[in-house]
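Coordinates in review
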Amino acid sequence: MDGVPALDEPLRKTVGGNTAKVLAEQLNLRTVGDLLHHYPRRYAERGELTRLADLPLDEHVTVVAEVADARLLTFNKGKGVRLEVTLTDGSGRLRLVFFGRGAHHHQRELVPGRRGMFSGKVGVFNRARQLAHPAYQLLARDSDPRDAEAWANELIPLYPACAKMESWKISQSVGTLLDTLEASGWDRIVDPLPESLRRERGLAPLPEAFRQVHRPATKADIARARERLKWDEAFVLQTALARRRHAESQLPAVPRVPRPDGLLTAFDARLPFTLTEGQRRVSAEIFADLAAEHPMHRLLQGEVGSGKTLVALRAMLAVVDTGGQAALLAPTEVLAQQHHRSITEMMGELAEGGMLGGAEHATKVVLLTGSMGAAARRAALLDLATGEAGVVIGTHALIEDKVQFHDLGLVVVDEQHRFGVEQRDALRSKGKQPPHLLVMTATPIPRTVAMTVFGDLETSVLDQLPAGRSPIASHVVPAGEKPHFLARAWERLREEAEAGHQAYVVCPRIGDEEDGPAPARRKAAPAEEDEERRPPLAVLDIAEQLGRGPLAGLRVEVLHGRMPPEAKDDVMRRFSAGEVDVLVATTVVEVGVNVPNATVMVIMDADRFGVSQLHQLRGRVGRGSAPGLCLLVTEMPEAAPARARLGAVAATLDGFELSRIDLEQRREGDVLGQAQSGVRSSLRMLAVIEDEDVIAQAREEASALVAADPELERHPELRTALDALLDAEREQFLDKG
């Protein structure tokens, strides 16, 4: 039907060019579908006042409240004028402030007793929360008492907004769009859910769900709409993943069954300890996959030090036993070198194939990185091409065209979130048939996220913490409110160093000339500048301050990603050897640094790191027999959301619990990895933690549907929705996690 917007039509036809421009630039809403899927964050009832007592600092909010008083004040000897308005809601008070000539106009509108919606960023002045120059819309007064009840109970949708497009303006645009659809019919809005599934589960039709979520008459309307829209997201996503799993299951692979008396048996016999129950269980899952005639796709997750590398090595040796080769891809040279060292140490003479003194079943273990000399590189490439080397460990250098394998049977990817899609694909394409794939991560991932983000990978979890690890105590250091706490932190670090231990100090920024001179920038900032605008603390600045001040006399060195590889290696070698007391570093120490003598980590501007990253960093201390200490330094006020995050990290050492907290706090944050896929997340309604049941049921339904109809020939609407929500780039991205 002509004139009816389909989901992919540009918004300008419906809401006008100027509004469409702001929606696109500020909120990335470009099509009819984008705006229909931009759901209200919550709903206010006019009869119910929003709790002003709970307003979060530094966030853009919309409140419904009543004017308690308004005062016009002058300053600067009468030259300046300021209007201060106090809002109330029974739970707390909020100040609005307007400066300049507009103050008189606002005073005429904002009289005591008037109620309205007020929108702005929550700041603090003189210890009181305030909105400076908020946008607002006054609500109509009661004219007819009979309408009062209906008016008071009307639900006002409050949308995720921004400074240039307030919630009520978005509401007006959505209203215009809904009116256009109502007038012309909803015929061209494609419903992705199969009719039978919708009826079976009692879900609302899609047009009804859009109406109810944007224009609800009752709270029951909202609940019914949300249930339907969550199912859309979960089902479309799980269908994409089910199709990837189905396609992979059709590929051929060489089954890899280890010989009973081969290299793996010899390796197990020389281990100085017995495998944990978890390691045995996960190994059995992996060996069953390797024996199949289609490629293994497995995610192996476990805390730092839980023995993932040992499990992966046993899988690699099983493949070598069948005449194949195994490649371990690491994100950095430091980590590749560490893996090479630890694997050759674990294997001993079994890693000396073709050499004097090599054991009977031995193979060669080679390292391949970008900074190797030409002769060593040529030798390594030759060993791979001839099959002499059964195991290769390397960085992205493994992916180059020159690298040829004799028979690549298994690819192990370590800390896979650090690799792009193309890099992983390029390595997998080097097998004569698709090799088996094992992905390892030390970032704990809740089950629902694994089902959502890694939905085409089977998941194995090593959740036993290694024996012999010491406890780590974690504390938040509120440097802004209590500077003496920070002074005590440096004293504590010095005490550990004087007792013969070592420490890390982690900063978010390097602070070299490419960043600009940080101290000068900091000096130029006006005194009232808020926390958000202070540049992050830098390694070079902090190292200098500590060396001259609280840690004078200790051996302080710096480590960051822009140092030449040999300089980095030199610093790490000396730190490992105990020749450096304090290492001031960026997050380059997050993975692959193992110094059992390091007992303290101080993380500066800790609020600028994610929960999972803080947990990873903390895992660098307490690796020996002495207990570890992690101090999270922040200047954020106690009420800020970032402080709650830090409190959560300090309260538990359970990585899975922290990853749940991380997701709950990020909510609609792009779970699907915006940075790697370049596409905005399609999860707007679904909360991967709360909606575990919906995701699990959708996975089941999608798997059954794809098994019966892999090309979706009997479900053209679902196929259309899949193309719209998960374009080719994103669908491929899902395959790689």
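Note that the structure is predicted; figures quoted are calculated from it, not measured. (Residues numbered from 1 in each chain as written. Predicted model: local features only at pLDDT ≥ 70, side-chain atom pairs only at ≥ 80, totals over all residues. Heavy atoms only, no water.)

**Focus on the overall build of the protein chain**
Filter applied, for reference: Secondary structure elements follow DSSP: runs of H or I of four or more residues count as helices, runs of E of two or more count as strands, with numbering from the N terminus. Three labels apply to residues, based on accessible area from a 1.4 Å probe with only protein chains included: buried if under 20% of the type maximum, exposed if over 50%, partly exposed otherwise in between. Contact criterion: two residues are considered in contact whenever any of their non-hydrogen atoms come within 4.5 Å of each other. The accessible surface values rely on the Shrake-Rupley method and a 1.4 Å probe; as for residues, cover is taken only from the protein chains in view.
If you tally the helices and strands in the protein chain, you get 27 helices and 21 strands. With 737 residues in all, the protein chain has 52% of them scored as buried. Here the contacts in the protein chain between residues at least 6 apart in sequence split such that 74% fall between residues at least 24 apart. As displayed, the protein chain has an accessible area near 32,500 Å², and 50% of this comes from carbon and sulfur atoms.

**Looking at the sheet that holds strand 12 (residues 389-394)**
Stated formally: Only strands that DSSP links by at least two bridges are regarded as paired with each other. For helices, the axis comes from a line fit to the C-alpha atoms of the stretch in contact; other axes are also lines fit to C-alpha atoms, and the angle between any two N-to-C directions lies between 0 and 180 degrees.
Across the sheet, seven strands lie side by side as 11-12-10-13-14-9-15; this open sheet has parallel pairing. Each edge of the sheet is formed by a strand with only one pairing partner; in this case those strands are strand 11 (364-368) and strand 15 (458-462). This sheet shows a mean twist of 20° between the axes of neighbouring strands, independent of strand direction. Note that strand 9 (residues 297-302) and strand 14 (residues 436-441) share five bridges and pair parallel. Each bridged residue has a counterpart across the sheet, and for Arg298 the counterpart in strand 14 is Leu438. Along the sheet, helix 11 (residues 277-290) makes contact with strand 9, strand 13 (408-414), strand 14 and strand 15, crossing strand 15 at roughly 160°.

**A short note on the pairing of strand 18 (residues 556-559)**
Formally: For the handedness criterion, the strands are oriented away from the viewer, and a crossover whose path from the first strand over the helix to the second runs clockwise is classed as right-handed.
The pairing of strand 18 with strand 19 (residues 582-585) spans four bridges and is parallel. Within strand 19, the position partnered with Val558 by the bridge is Val584. At this point the chain moves from strand 18, through helix 20 (residues 565-576), to the parallel strand 19, and the crossover so formed is right-handed.

**Regarding the pattern of salt bridges**
For clarity, the cut-off: What counts as a salt bridge is simple: a side-chain nitrogen of Lys or Arg found within 4 Å of a carboxyl oxygen of Asp or Glu.
Scanning the model with the defined rule gives 33 salt bridges in all. The partner of Arg492 in a salt bridge is Glu495, and the shortest N-O contact between them spans 3.7 Å. Taken together, the positions of Arg492 and Glu495, both in helix 17 (residues 483-498) and three residues apart, correspond to about one turn of that helix. By relative accessible area, which is 27% here, Arg492 ends up partly exposed. Its salt-bridge partner being Arg492, residue Glu496 comes within 3.2 Å of it at the nearest N-O pair. With Glu496 and Arg492 both in helix 17 and four residues apart, the pair spans about one turn of that helix.

**Re the environment of Thr14**
For Thr14, the position within the fold is in helix 1 (residues 12-15). In this structure Thr14 comes out as buried when scored by relative accessible area, which is 16%. Between the C-alpha atom of Thr14 and that of Leu181, which follows or precedes it by 167 residues, the distance is 9.9 Å.

**A few points about the packing of helix 10 (residues 263-270) against helix 12 (residues 308-321)**
Threshold: Under the grouping applied here, Gly and all other residues not named as nonpolar or charged are polar, the nonpolar ones being Ala, Val, Leu, Ile, Met, Phe, Trp, Tyr, Cys and Pro and the charged ones Asp, Glu, Lys and Arg.
Orientation of helix 10 relative to helix 12, taken along the N-to-C sense of each, is 145°, at an axis distance of 8 Å. Contacts between helix 10 and helix 12 involve Leu263, Leu264, Phe267 and Asp268 from the former and Leu310, Leu313, Arg314, Leu317, Ala318, Val320 and Asp321 from the latter. Looking at the contact of helix 10 with helix 12, its residues break down into eight nonpolar, no polar and three charged.

**Observations concerning the packing of helix 12 against helix 13 (residues 333-347)**
Worth spelling out the cut-off: When an angle is under 35 degrees it counts as roughly parallel; over 145 it counts as roughly antiparallel; between 65 and 115 it counts as roughly perpendicular; any other value is oblique. Should the near helix be turned counterclockwise from the far one by less than a right angle, the crossing is left-handed, whereas a clockwise turn marks it as right-handed.
Contact pair helix 12 / helix 13: the axes reach a minimum separation of 11 Å and the direction vectors enclose 65°. Put simply, helix 12 runs roughly perpendicular to helix 13. By crossing handedness, the relation of helix 12 to helix 13 is classed as right-handed. Contacts between helix 12 and helix 13 involve Thr309, Leu310, Leu313 and Leu317 on the former and, on the latter, His339, Ile343, Met346 and Met347. Considered class by class, the residues forming the contact of helix 12 with helix 13 number six nonpolar, two polar and no charged.

**Describing the environment of His106**
Note that His106 resides in helix 4 (residues 102-109). Judged by relative accessible area, which is 18%, His106 ranks as buried. Separated by 36 residues in the primary sequence, His106 and Ala70 have C-alpha atoms spaced 9.5 Å apart. Residue contacts for His106: discarding those within four places in its chain leaves Leu83, Phe98 and Tyr136.

**Overview of unusual backbone geometry**
Despite not being glycine, Arg127 shows a phi value in the positive range, around 65°. One can find Arg127 in the loop between strand 5 (115-125) and strand 6 (128-132). Even without a glycine there, the phi angle at Leu712 is positive, about 60°. By the secondary structure assignment, Leu712 is in the loop between helix 25 (692-708) and helix 26 (716-725).

**A few points about the packing of aromatic side chains**
For any two aromatic rings, the description comes down to two numbers: the centre-to-centre distance and the angle of the planes. This is how it is decided: Between the rings of Phe, Tyr and Trp (Trp by its six-membered ring), a pair exists once the centres lie within 6.5 Å; its type follows the angle of the planes, with under 30 degrees stacked, over 60 edge-to-face, and the other angles tilted.
Counted according to the given criterion, the structure contains five aromatic pairs. On the basis of an interplanar angle of 90° and a centroid distance of 6.1 Å, the ring pair of Phe75 and Phe99 is categorised as edge-to-face. Here Phe75, found in strand 2 (residues 60-75), pairs with Phe99, found in strand 4 (residues 93-99); they are 24 residues apart in sequence, far enough to count as distant. Each ring, one from Trp186 and one from Phe210, has its centre 6.4 Å from the other, and the planes form 15°; the classification is stacked. Of this pair, Trp186 sits in the loop between helix 6 (167-184) and helix 7 (195-200) while Phe210 sits in helix 8 (residues 206-214); the two residues are 24 residues apart in sequence, bridging distant segments of the chain. As far as burial versus exposure is concerned, Trp186 and Phe210 are alike and both buried. Each residue in the set Phe98, Phe118 and Tyr136 is aromatic and connected to the rest through ring pairs, giving one cluster.

**Let's talk about the nonpolar core**
Using the following cut-off: Grouping buried Ala, Val, Leu, Ile, Met, Phe, Trp, Tyr and Cys residues that are joined through side-chain atoms within 4.5 Å yields what is termed a nonpolar core.
Ranked by size, the top nonpolar core spans 38 residues in total, and within it Met347 and Leu410 carry the most contacts. The element best represented in this core is helix 12, accounting for ten residues. Core analysis: the next-biggest nonpolar cluster, separate from the first, contains 30 residues, Leu35, Met165, Phe210 and Ile222 among them.

**Quick notes on the side chain of Asp221**
Applicable threshold: By the counting rule applied here, Lys and Arg register as positive and Asp and Glu as negative, while His and the ends of each chain are not counted.
On the secondary structure map, Asp221 appears in helix 9 (residues 219-249). Of the buried charged residues, Asp221 lacks a salt bridge, with Arg224 as the closest side chain of opposite charge at 6.7 Å. Beyond its immediate stretch of four places on either side in the chain, Asp221 contacts Gln212 and Pro216.

**A word on the confidence of the model for the protein chain**
This is how the line gets drawn: You can read pLDDT as the predictor saying how much it trusts each residue, on a scale of 0 to 100.
Residues with a pLDDT of 70 or more make up 83% of the protein chain, whose mean pLDDT is 81. Residue range residues 515-533 is modelled with pLDDT below 50. Its contacts to residues more than four positions away, or to other chains, number 22 contacts. Of the regions scoring below 50 in pLDDT, residues 667-681 engages in 40 contacts with residues more than four places distant in sequence or in other chains.

**Regarding the side chain of Arg95**
So the rule is basically this: For this analysis, a polar contact is any N or O atom pair within 3.5 Å, provided that within protein one partner can donate a hydrogen and the other can accept it, and provided that sequence-adjacent residues contribute only side-chain to side-chain pairs.
As for its placement among the helices and strands, Arg95 is situated in strand 4. Among the polar contacts listed, one links the side chain of Arg95 to the side chain of Gln130, at a separation of 3.2 Å. Not counting chain neighbours up to four residues away, the residues in contact with Arg95 comprise Glu84, Val85, Phe125, Ala128, Arg129, Gln130 and Leu131.

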